[in-house]
Amino acid sequence: RHDFPRIGIDAIALAVPRRFVELTELAEARGIAPSKYLTGLGTRRMAIAAPDEDPITLGANAARRLFQRSGASPADIGLCVVGTETAVDHAKPAASFLHGLLGLPSACRVFEAKHACFGGTAGLLNAVDWIASGSARGRAALVVCSDVARYALGSAGEPTQGAGAVALLVRERPRLVEIEVGQTGTYARDVYDFWRPLHHKEALVDGHYSVQCYLDALAGAYGDWRRVAGDGDPLARTCYHVPYGKMARKAHRHRLAMDGLTEQAADESFAVEVEPSLDLPSRIGNIYTGSLYLALASLLNAEARALEGQRVGLFSYGSGCCAEFFAGRIGPEAGALVAALEIDAPLDGCRRASVAEYEALRQGDEAADRRPAPEGAERGGASLDSRVVYLGLDS
Ligand code: HMG
């Protein structure tokens, strides 16, 4: 093993849309037993985005909150990666919008990472490697995972929708989670389980096949991880990519079966080792690239103090597909920092929307993509203020 500096997640912040739909109400509207959504899928609510709540504004709001709460400054950033699979432009990366909106330094590498839900992890592990290589020269990385999940109205995927962003500050001597650098388990395979052809607003999915692809990828990545890093102390908790809560339960069973445990033993450990990570995902839905980090945020929010010094596993899956299993250690003073970060506070201002209101918002989706560029953008010089007004950022 190499002797890397201590690198990882120093702070975390969320942004969510203003509205959510109660899935019991969606079930009623679709003529489906609510227990299918609540117990069968393990979902409770889905956040829904208005036109001014796109991956740019959600991502910028999460990043602003990250700076406000963590004490870090935009001037500290030398790399900004945005993981998204619902970008607003085919060429201009979301990271360039954020570079302008956040006032990041000009000596800053910015780019967008796309690989379905794996894009955020691609950004995070790239940032870790950038620091480990020495390229960071003491600077920090900003990794933003931001998405709006959309399936066809009335489809099987509909109750698994969500929207939101997670911003991560990645640097040396991290206060929240120190990542085990260079010790990830990886799996990739060319599959058609979930995709979104150009000009499709909604994702297409082969739902049951996607569940199998996720489990196959978990087996591959976890098996690879056990070979490179499995001899450390046991994982106190594991956060999985959470398209819906039941998927995390299936994943946990699948992983522990590889360790020789029965389904019953896996279900018993699930309540302790996984359930605390599912609170925020069940209140927001699948936020694609940010989903694993929403699970991590949920775990920290619930248990950071109790887990100080302990090792946690992280599993990221992106359809198509690529997956990575890796581990990190919770910092010795993570509990106090998490209290100051007030991770779940952005959910306080959210309000319940009716199914009719949600459907009306969805009908406006196509028009949202054809919005005029902000004034002056054609000349390449829209002011920050005009973008803020146009994009509807939090002040
Ligand atoms: P479905 O066909 O509507 O549901 O689709 P089902 O019939 O398979 O039922 C689901 C579960 O509910 C089953 O339990 C039923 O028994 C149970 P399970 O066998 O799974 O344990 N059930 C009930 N429980 C209580 N009361 C009832 C009841 N009725 C049934 N009355 C599916 C489910 C997940 C396929 C669908 O929602 C879907 O297509 N979702 C979108 C795709 C998805 O989330 N895939 C997950 C893996 S791929 C992934 O994670 C990547 C992704 O995030 C994208 C990316 O990478 O960018 C999606």
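To be clear, the structure that these remarks concern was listed above.
Below is a summary of the structure that appears in this document. Here the structure is a predicted model, which means the values were calculated and not measured.

## A closer look at unusual backbone geometry
Turning to step 1, where the next piece is worked out: Put simply, Gly320 and Cys321 share a cis peptide bond, and its omega is 5 degrees.
Turning to step 2, where the next piece is worked out: Its place among the elements puts Cys321 in the loop between β13 (311-318) and β14 (322-330).
Turning to step 3, where the next piece is worked out: A positive phi angle, close to 45 degrees, is found at Arg137, a residue other than glycine.
Turning to step 4, where the next piece is worked out: Since its relative accessible area comes to 66%, Arg137 is described here as exposed.
Turning to step 5, where the next piece is worked out: Its identity is not glycine, yet Arg173 carries a phi of approximately 50 degrees, on the positive side.
Turning to step 6, where the next piece is worked out: Residue position: Arg173 is located in the loop between β7 (163-172) and β8 (177-179).

## Topic: the pairing of strand β5 (residues 109-113)
Turning to step 1, where the next piece is worked out: The pairing of strand β4 (residues 77-83) with β5 spans five bridges and is parallel. Bridge pairing in β5 links Gly83 to Ala113.
Turning to step 2, where the next piece is worked out: Remark: the β4/helix α4 (residues 94-102)/β5 crossover connection has right-handed handedness.

## Description of the side chain of Arg255
Turning to step 1, where the next piece is worked out: Within the secondary structure layout, Arg255 lies in helix α7 (residues 245-258).
Turning to step 2, where the next piece is worked out: In this structure, Arg255 is buried with no salt-bridge partner, the nearest side chain bearing the opposite charge being Asp259 at 4.1 Å.
Turning to step 3, where the next piece is worked out: Discounting chain neighbours no more than four positions away, the residues touching Arg255 are Leu218, Tyr222, Leu235, Thr238, Tyr240, Glu273 and Phe325.

## A look at the sheet that holds strand β15 (residues 351-352)
Turning to step 1, where the next piece is worked out: On the basis of which strands lie adjacent, the open sheet formed by three strands has the order β3-β2-β15 and mixed pairing. A strand with exactly one partner marks an edge of an open sheet, and here the two such strands are β3 (45-48) and β15.
Turning to step 2, where the next piece is worked out: Sheet topology places strand β2 (residues 19-22) next to β3; four bridges connect them, and they run antiparallel. Bridging across to β3, Val21 finds its partner in Met46.
Turning to step 3, where the next piece is worked out: Helix α1 (residues 23-30) rests against β2, β3 and β15 of the sheet, and its axis sits at about 60 degrees to β2.

Conventions used here
- Residues numbered from 1 in each chain as written.
- Predicted model: local features only at pLDDT ≥ 70, side-chain atom pairs only at ≥ 80, totals over all residues.
- Heavy atoms only, no water.
- Helix = DSSP H or I, 4+ residues; strand = E, 2+ residues; numbered from the N terminus.
- Buried < 20%, exposed > 50% of the residue type's maximum accessible area, 1.4 Å probe, protein only.
- Pairing = 2+ DSSP bridges.
- Right-handed = clockwise from strand over helix to strand, strands pointing away.
- Lys, Arg positive; Asp, Glu negative; His and termini not counted.
- Salt bridge = Lys/Arg side-chain N within 4 Å of Asp/Glu carboxyl O.
- Contact = heavy atoms within 4.5 Å.
- Axes fitted to C-alpha atoms, helices over the stretch in contact; angles between N-to-C directions.

Shape is all these values report; function is a separate question.
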